[in-house]
2 protein chains.
Amino acid sequence: MRFLIAAAAAVCLAHGSAAQTTPAPSPIPAEVQRTLETLRARAMASDDAYALTESLTTEVGPRLAGSAAEARARDWAVAQLRARRFENIRIEPFAIPYWRATRQEAAVVAPSQQPLRIVALGGSAATPEGGLEAEVARFASLAALRDAAPSSVAGRIVFVDEGMTATMDGSGYGAAVPRRSACPRLAREKGAAACVIRSVGTDGHRFPHQGTTADFAAGTRVPAAALSNPDADQLARLIARGPVRMRLDIAIEREAAAQSGNVIAEIRGRSAPEEIVLLAAHLDSWEEGTGAIDDAAGVGVIIATADLIRQLPRRPRRTIRLLIAGAEETGVFGGAEYARAHAEELPWHVLALESDFGAGRIWRFRSRFGAGAGGHHAAMAQALNAAEVMVSDTQPAFGGADIAAARAAGVPVIDLGQDGLDYFDYHHTADDTLDKVDPANLRQNVAAWAIAVYLAAEMDWDFRAAE
Amino acid sequence: MRFLIAAAAAVCLAHGSAAQTTPAPSPIPAEVQRTLETLRARAMASDDAYALTESLTTEVGPRLAGSAAEARARDWAVAQLRARRFENIRIEPFAIPYWRATRQEAAVVAPSQQPLRIVALGGSAATPEGGLEAEVARFASLAALRDAAPSSVAGRIVFVDEGMTATMDGSGYGAAVPRRSACPRLAREKGAAACVIRSVGTDGHRFPHQGTTADFAAGTRVPAAALSNPDADQLARLIARGPVRMRLDIAIEREAAAQSGNVIAEIRGRSAPEEIVLLAAHLDSWEEGTGAIDDAAGVGVIIATADLIRQLPRRPRRTIRLLIAGAEETGVFGGAEYARAHAEELPWHVLALESDFGAGRIWRFRSRFGAGAGGHHAAMAQALNAAEVMVSDTQPAFGGADIAAARAAGVPVIDLGQDGLDYFDYHHTADDTLDKVDPANLRQNVAAWAIAVYLAAEMDWDFRAAE
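Residues numbered from 1 in each chain as written. Chains lettered and ligands numbered in written order. Predicted model: local features only at pLDDT ≥ 70, side-chain atom pairs only at ≥ 80, totals over all residues. Heavy atoms only, no water.

## Let's talk about the overall build of chain A
Here is the rule we go by: Secondary structure is summarised from DSSP: a helix means a run of H or I of at least four residues, a strand means a run of E of at least two, and numbering begins at the N terminus for each. Two things to know: the radius of gyration comes from C-alpha atoms, and the globule rule equals 2.2 Å times the number of residues to the power 0.38. Using a 1.4 Å probe on the protein chains alone, a residue whose accessible area is under 20% of its type maximum counts as buried, one over 50% counts as exposed, and one in between counts as partly exposed. Residues are treated as being in contact if the distance between any of their heavy atoms lies within 4.5 Å. A 1.4 Å probe and the Shrake-Rupley method give the accessible areas. Residues count as covered only by the protein chains that appear here. His is not counted here, nor are the chain ends, while Lys and Arg score as positive and Asp and Glu score as negative. Where a charge lies is defined by one atom per residue type, namely NZ (Lys), CZ (Arg), CG (Asp) and CD (Glu).
Within chain A, the regular secondary structure consists of 13 helices and 14 strands. Taken over C-alpha atoms, the radius of gyration comes to 24 Å for chain A, in line with the 23 Å a tight globule of 467 residues would show. Across its three principal axes, chain A shows a C-alpha extent of roughly 75 × 45 × 40 Å. The buried share of chain A, taken over its 467 residues, is 61%. A separation of at least 24 residues holds for 83% of the contacts in chain A among residues at least 6 apart in sequence. As displayed, chain A offers around 16,800 Å² of accessible surface, 52% of which is attributable to carbon and sulfur atoms. In chain A, 47 positive and 57 negative side-chain charges are present, and the distance between their average locations comes to 1 Å.

## Focus on the domain arrangement of chain A
Residues and elements named next belong to chain A. Applied cut-off: The start and end points of each domain follow an automatic or database-based domain assignment. Accessible-area loss on putting two parts together, using a 1.4 Å probe and summing over both, is the definition of buried area adopted here. Salt bridges are identified by distance alone: a Lys or Arg side-chain nitrogen within 4 Å of an Asp or Glu carboxyl oxygen. As used in this structure description, the phrase polar contact means that two N or O atoms lie within 3.5 Å; if the pair is within protein, one of them must be able to donate a hydrogen and the other to accept it, and residues adjacent in sequence are counted only when both atoms belong to side chains.
Domain boundaries in chain A define domain 1 (2–97 + 257–458) and domain 2 (112–243). Between domain 1 and domain 2, the C-alpha centre-to-centre distance is 34 Å. Residue-level contacts link 21 residues of domain 1 with 21 residues of domain 2. For the pair domain 1 and domain 2, the two sides together bury roughly 1,700 Å², of which 67% comes from carbon and sulfur. Seen at the junction of domain 1 and domain 2, the total is 1 salt bridge. Among the ionic pairs, Asp 169 bridges to Arg 364, the shortest N-O distance being 4.0 Å. For the interface between domain 1 and domain 2, the tally reads 7 residue pairs in polar contact (both at pLDDT 80 or more).

## Regarding the state of the cysteines
Residues and elements named next belong to chain A. Which entries qualify depends on this criterion: Pairs of cysteine sulfur atoms within 2.5 Å are identified as disulfides in what follows.
Per the counting criterion, the structure on display carries 2 disulfides over all chains. The side chain of Cys 183 participates in a disulfide bridge whose partner is Cys 195; the two sulfur atoms lie 2.0 Å from each other. With the S-S bond torsion at 120°, the cross-link from Cys 183 to Cys 195 turns out right-handed. Placement of Cys 183 in helix H6 (residues 171–189) and of Cys 195 in strand S6 (residues 194–198) is noted, with a sequence separation of 12 residues between them.

## Overview of the nonpolar core
Note the following rule: Each nonpolar core is a collection of buried residues, namely Ala, Val, Leu, Ile, Met, Phe, Trp, Tyr and Cys, held together in the definition by side-chain atoms within 4.5 Å.
Within the largest apolar cluster, 100 residues are counted, with the highest numbers of intra-cluster contacts made by Leu 351, Met 380 and Leu 455 of chain B. In terms of residue count, the dominant contributor to this core is helix H13 (residues 439–458) of chain B (13 residues). Here Met 380 of chain B is in contact with Leu 351, Phe 365, Ile 414, Ala 452, Leu 455, Ala 456 and Phe 463 of chain B, once residues within four sequence places are set aside. Membership of the second largest hydrophobic core comes to 99 residues, among which are Cys 195, Val 222, Ile 362 and Leu 455 of chain A.

## Description of the relation of the copies chain A and chain B
Filter applied, for reference: In superposing the copies, a least-squares fit is computed on C-alpha atoms, taking residues whose pLDDT is at least 70 in both.
Laying chain A over chain B is done by rotating through 180° and shifting 0.0 Å along the axis; what remains is an RMSD of 0.1 Å. This pairing of chains is accounted for by a two-fold axis. No C-alpha of chain A lies nearer the rotation axis than that of His 205 of chain A, which sits 4.4 Å from it. Most of the interface of chain A is mirrored in chain B, where 100% of its interface residues again form contacts.

## Quick look at the interface of chain A and chain B
Put simply, an interface is often sized by how much accessible area is lost when its parts join up. Counting from both sides, the interface comprises 34 residues of chain A and, opposite them, 34 residues of chain B. Contact between chain A and chain B buries roughly 2,500 Å² in total, counting both sides, with carbon and sulfur atoms accounting for 45%. Looking at the side of chain A facing chain B, the largest losses of area belong to Thr 58, Arg 206 and Arg 241 of chain A, adding up to 22% of the total buried there. The tally of links from chain A across to chain B stands at 6 salt bridges. In this structure, the salt-bridge partner of Glu 54 of chain A is Arg 241 of chain B, at a minimum N-O distance of 2.6 Å. Summed over the shared surface of chain A and chain B, the result is 25 residue pairs in polar contact (both at pLDDT 80 or more).

## Things to note about helix H8 (residues 292–310) of chain B
For clarity, the threshold we go by: Given a helix with a known number of residues, its expected span is that number minus one, times 1.5 Å.
Relative to the 27 Å expected for 19 residues at 1.5 Å per residue, H8 of chain B spans 25 Å between its end C-alpha atoms, a close match to the ideal helical length. Counting buried positions along H8 of chain B gives 18 out of 19 residues, so the element sits mostly inside the fold.

## Describing the confidence of the model for chain A
The line we're drawing: pLDDT is a residue-level measure of predictor confidence that goes from 0 to 100.
A residue-level look at chain A finds 94% of positions with pLDDT of 70 or above and a mean pLDDT of 94. Long-range and interchain partners of residues 1–20 of chain A, a stretch whose pLDDT sits below 50, account for 17 contacts in this model, where long-range means more than four residues apart.

## Things to note about the packing of aromatic side chains
Defined as follows: Classification of ring pairs rests on two measures: the distance between centres of Phe, Tyr or Trp rings, Trp counted by its six-membered ring, which must be within 6.5 Å, and the angle between planes, read as stacked under 30 degrees, edge-to-face over 60 and tilted in between.
Overall, the coordinates contain 17 aromatic pairs over all chains when judged by the stated rule. Considering the side-chain rings of Trp 99 of chain B and Phe 216 of chain B, the 6.3 Å spacing of their centres and the 70° angle between planes classify their relative orientation as edge-to-face. With Trp 99 of chain B in strand S1 (residues 87–110) and Phe 216 of chain B in the loop between strand S6 (194–198) and strand S7 (224–227), this pair connects stretches of sequence that are 117 residues apart. Within the aromatic cluster, the residues linked to one another by ring pairs are Tyr 173, Phe 357, Tyr 423 and Phe 424 of chain A.

## Re the pairing of S6 of chain B
All names here are of chain B. Formally: By the convention used here, strands pair only if DSSP detects at least 2 bridges between them. Handedness of a crossover is defined as follows: orient the strands so they point away from the viewer, and if the path from the first strand over the helix to the second runs clockwise, the crossover is right-handed.
A large share of S6 lies buried, amounting to 5 of its 5 residues. By the bridge criterion, 4 bridges tie strand S5 (residues 157–160) to S6 in an arrangement that is parallel. In the strand pairing of S6, Phe 159 is matched with Val 196. Considered for its hand, the β-α-β crossover made up of S5, helix H6 (residues 171–189) and S6 is right-handed. With 4 bridges joining them, S6 and S7 adopt parallel strand pairing. Paired with Ile 197 across the strands is Ala 226, a residue of S7.

## So, the environment of Leu 64 of chain B
Residue and element names in this part refer to chain B. Note on placement: Leu 64 falls in the loop between helix H3 (48–60) and helix H4 (68–83). Classification of Leu 64 by relative accessible area gives buried; the value is 4%. In this structure, the C-alpha to C-alpha distance between Leu 64 and Asn 385, residues 321 residues apart in sequence, is 37 Å. Beyond its immediate stretch of four places on either side in the chain, Leu 64 contacts Glu 70, Tyr 98, Trp 99, Arg 100, Ser 285, Trp 286 and Glu 287.

## A short note on the environment of Gly 326 of chain A
Residues and elements named next belong to chain A. Relative to the elements of secondary structure, Gly 326 occurs in the loop between strand S10 (318–325) and helix H9 (333–341). Distance in space between the C-alpha atoms of Gly 326 and Ala 51 is 21 Å, their sequence separation being 275 residues. Ignoring anything within four residues of it in the chain, the contact list for Gly 326 reads Glu 70, Phe 94, Ser 260, Gly 261, Asn 262, Asp 284, Phe 333 and Gly 334.

## Side note on the pairing of strand S11 (residues 349–354) of chain A
All names here are of chain A. When you tally the buried positions in S11, you get 6 out of 6 residues, the bulk of the element. Pairing between strand S9 (residues 272–282) and S11: 5 bridges, direction parallel. When the bridges of S11 are listed, Leu 278 appears paired with Ala 352.

## Description of the pattern of salt bridges
Residue and element names in this part refer to chain A. By the definition in use, this model includes 68 salt bridges over all chains. Salt-bridge contacts for Asp 249 lead to Arg 103; the nearest nitrogen and oxygen are separated by 3.2 Å. Here Asp 249 is found in strand S8 (residues 245–267), whereas its partner Arg 103 is found in strand S1 (residues 87–110), with 146 residues between them in sequence. For Asp 233, the salt bridge goes to Arg 198, with nearest N and O atoms at 2.9 Å. Within this pair, whereas Asp 233 is found in helix H7 (residues 229–241), its partner Arg 198 is found in strand S6, the two being separated by 35 residues in sequence. Each of Glu 31, Arg 270, Arg 314 and Glu 458 takes part in salt bridges that share partners, so that together they form one network.

Given below as structure tokens:
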């Protein structure tokens, strides 16, 4: 309950004379508080976010960046936004490198013949026609591969067999991702034939976890793939018994410039329309699943949140803008394009937030505000208690991939942090499907989002400046 | 605790004069009880069954009935049994129809393009070269398909969308299996192009569940496949929106007569070697996983149990025989062959039991004994309490698939019933891998098995006859 103490302290500083035992007067006017309660109650009574998630994952399904399916998803988003009478609905197109695996097969060929379940990592090179075959060199970590003599690697298939820790806040991902992004380059530098990694994932199912590499745009120079955790276990057990030979067969299609795009829509502000609160999520998904938790649920949350606010009798002071980004998975192309295309507007972005961590309950609030804006943090945290977001943390917020470029340009961000303990069980796998989304959690997500977004759009708080 | 009452009642009948408040004298001599305790303690201190499970699933991997991998599994079993100095180790070969899917792909093609995850059901016909495409006709149950007018089915892909209930004792399976076994024939009778079913499985992962059809040997006359549960959900949601067309592409290889075989080994009895206690499990598995819970764990349990008894200073009165059966999955060919080849010996089989329901803890004891053998049931149930098998049930035992023919010929059977609440999450899927096996559970399994098997082999109990 650290935030209650922080909130009290902040209020005491602002109202120096108040005794610590007196409840601090809220900086939020009663009328705004009534509206927040209306929004919360309506969010908790609505399955709109779930219906949107269901619609996108069912009607469009998988939507790889730059594919025809991603284009259909843009059309879907425009239709949804039009039906809800948002303003300034538009697609902002841009070109991206397109990459897709058309075959991704692997097998142990000696000492016994056994299939392995893999996916090619984003940007992977193809194997030679008919596949390649080599002995496997196992490394317990990326660091061990880094330290390895090239002679122990050359000509082999490198296998980086490092695990991942499940955490509520997803911090295990950051620790695990380097083996995915860096392995192909390291393997190549030491003369390896290919690189396979234990999936960046926390489940024990036969689903390899997709994801991009550091070399997506240029393409990795050796084939790179992820094994499911049980397959990595099997390979490790076989290697413990003696030399293992693996066959890898990866075919790729590429285009230098394929079409992607961001979908934008707004609720224009009533008195400060040039000031923008930006709500982001991304439309594309990896191909194996239907991208329900990554990130149809986020798309559902931001549209449902904005639509709740749109239905109020009076629109808020500031503009609420939706950024439904394209091509996040393969390299955050949509987020970069948004920051580029809207660079002149970024100083008018008073706050940005993204929903891209699944469909769990929101348990934690973080912000990245200017030094003097702690009072806004405290007031927002307290308001979020109504949606049962009970933890406030003074670590700076991350924001989200698609608003990272905006954040880097100085736009204040908040995190409405979801419980992601099982997020990396499904993330980037075939198993990322609608049944992993709990409608009750999405209701709570929208309740918390509506509170934070309405406050940011209605109050004249400056999250950047000192008070 | 029904069995304690039953046990007390049985003992009271046998010893008519004993007062109900006096503890009934055990029919098990103290020396035998000491041996049971030794066996139990050694079982609980040993990971032998797990090591066997690990070895078979790692070194052989998947082992489809009639394949080269199944032959390697027989060699593995013979090597294990020789290393443990069992007696009369032999392979009893037989021929089976061989069937394997070499391609099994499906997709929704309208109103949107979306891949679906399927497996071809055992015995499925191939689609025409290049696949077939048709509108899907959904039926909420097999009964609904049975009642359907042929005009609503003809030319379509029938989709039987019936769920399955998870239960500890696996009784949900019996209720669900008819849709797998009967669907292709029913579909064909009504002129359908193909039949797909919601998997006979209880999980929510993208793993379709394999399994055989009633027409395995002759082959189904229409292609037949199972969808994973999330894919069945997706298909049902799409159908709720309007007509759906599906493409199905199944390629099959077949041989009329491939090689399979049962592996047999014994511990010969010291004074009644012609009397046999039969311990069964099966060696083959479906191809997608490594058959860890179905049935490498069972193979591990029966070998480890027999080996514990073999290591006693004095062998038991009767012969303990292992039946490590081939070709169970595709049609219980090994069990039928055993009953045929050993028909003359079946009257000397005093008891048979099989481990083929995964790797969960044993919680329940059942028997199928002659009318007068209730005392043996009660005594065995009470002895099993030491291994924490606390539930005894007077419903007749099932025995197991590979000993069903023996049971039909009058051989008494018992069930050491495992907790199978999650068994059908993994059963017949790619996800049936070693990580689903808990070594602690296998220790308890062997403890219970050793108690039941030693009692059956050492005591002169007649499970068939009245006392």
